[in-house]
Amino acid sequence: MNEMILNIIAAVLIMIGSLLSLVASIGLFRLPDVYTRAHAASKAATLGVMFVMSGVMFFFLARDHFFQPALLLAILFIFMTGPIGGHLLMRTAYHNGVKYTDQTVRDDLKEAE
């Protein structure tokens, strides 16, 4: 019974992670400029990978009855580095003069420099 509950939790987490990764990939094609695309890729894909890895952690906990701390460390690493990488890509694009889309309302970095 306990294994079945853990397998259901694992399946739900993996499905949520897959849907978030799908949303991130759709965002890469549908969004208008590099800034919004990088935002979609860094936020949604990071959450998607974190949910999938959490589901894998629960799956192996149910199958082997052993907690894998390496998966927890990988989740923590992805959580810390994914959004930072996206932010650095957007900042680099800004400093290289990549234009915003026409719908952009304000430029916060222009005032900061």
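In this text, all values refer to a predicted model and were calculated from it rather than measured experimentally.

## Examining the side chain of Thr46
By the secondary structure assignment, Thr46 is in helix α2 (residues 34-64). On the accessibility criterion, Thr46 (9% relative accessible area) is buried. What Thr46 contacts, discounting residues up to four positions off in sequence, is Ala41, Ile78, Phe79, Gly82 and Pro83.

## So, unusual backbone geometry
Here His65, not a glycine, exhibits a phi torsion of approximately 55 degrees, which is positive. As for its placement among the helices and strands, His65 is situated in the loop between α2 and α3 (69-95). In this structure His65 comes out as exposed when scored by relative accessible area, which is 57%.

## Thoughts on the packing of aromatic side chains
Counted by the stated rule, this structure contains three aromatic pairs. Members of the aromatic cluster, joined through ring pairs, are Tyr35, Tyr94 and Tyr100.

## Looking at the UniProt feature "transmembrane region" (unreviewed entry) in the chain
Within this numbering scheme, the UniProt entry marks residues 6-29, 41-61 and 67-90 as carrying the feature "transmembrane region" (unreviewed entry). End-to-end, the C-alpha atoms of residues 6-29 are 35 Å apart, and along that stretch the chain is 100% helix and 0% strand. For residues 41-61, the helix share is 100%, the strand share is 0%, and the end-to-end C-alpha distance is 29 Å.

## Details of the environment of Ala40
With respect to the helices and strands, Ala40 occurs in helix α2. A relative accessible area of 12% means that Ala40 is categorised as buried. Setting aside anything within four residues of it in sequence, one finds Ala40 in contact with Ala24, Gly27, Leu31 and Ala45.

## A short note on a nonpolar patch on the surface
Together, Met4, Ile8, Val12 and Ile16 give the surface a local cluster of nonpolar side chains, amounting to about 340 Å² of exposed area. Inspection of the secondary structure assignment puts Val12 in helix α1 (residues 2-30). Under the relative-accessibility criterion, Val12 is labelled partly exposed at 42%.

## Looking at the environment of Ile75
Mapped onto the fold, Ile75 is located in helix α3. Taking the C-alpha atoms as reference points, Ile75 and Ser54, separated by 21 residues in sequence, lie 7.4 Å from one another. When sequence neighbours within four positions are dropped, the list of residues in contact with Ile75 reads Met50, Met53 and Ser54.

## Concerning the packing of α2 against α3
Running from amino to carboxyl end, α2 crosses α3 at an angle of 175 degrees, the nearest separation of the two axes being 9 Å. Compared by their axis directions, α2 and α3 come out roughly antiparallel. For the contact of α2 with α3, the per-class residue count stands at 19 nonpolar, six polar and one charged.

## A few points about the side chain of Ser54
Along the chain, the position of Ser54 falls in helix α2. If sequence neighbours within four positions are ignored, Ser54 has contacts with Leu13 and Ile75.

The rules behind each value
Residues numbered from 1 in each chain as written. Predicted model: local features only at pLDDT ≥ 70, side-chain atom pairs only at ≥ 80, totals over all residues. Heavy atoms only, no water. Helix = DSSP H or I, 4+ residues; strand = E, 2+ residues; numbered from the N terminus. Buried < 20%, exposed > 50% of the residue type's maximum accessible area, 1.4 Å probe, protein only. Contact = heavy atoms within 4.5 Å. Phe/Tyr/Trp six-rings, centres within 6.5 Å; stacked < 30°, edge-to-face > 60°. UniProt positions renumbered as here; feature names shortened; annotations may be inferred. Patch = residues over 30% accessible without salt bridge, like charges linked within 9 Å, V, L, I, M, F, W, Y side chains within 5 Å. Areas by Shrake-Rupley, 256 points an atom, 1.4 Å probe, with all protein chains shown as cover. Salt bridge = Lys/Arg side-chain N within 4 Å of Asp/Glu carboxyl O. Axes fitted to C-alpha atoms, helices over the stretch in contact; angles between N-to-C directions. Parallel < 35°, antiparallel > 145°, perpendicular 65-115°, else oblique. Nonpolar A, V, L, I, M, F, W, Y, C, P; charged D, E, K, R; others polar.

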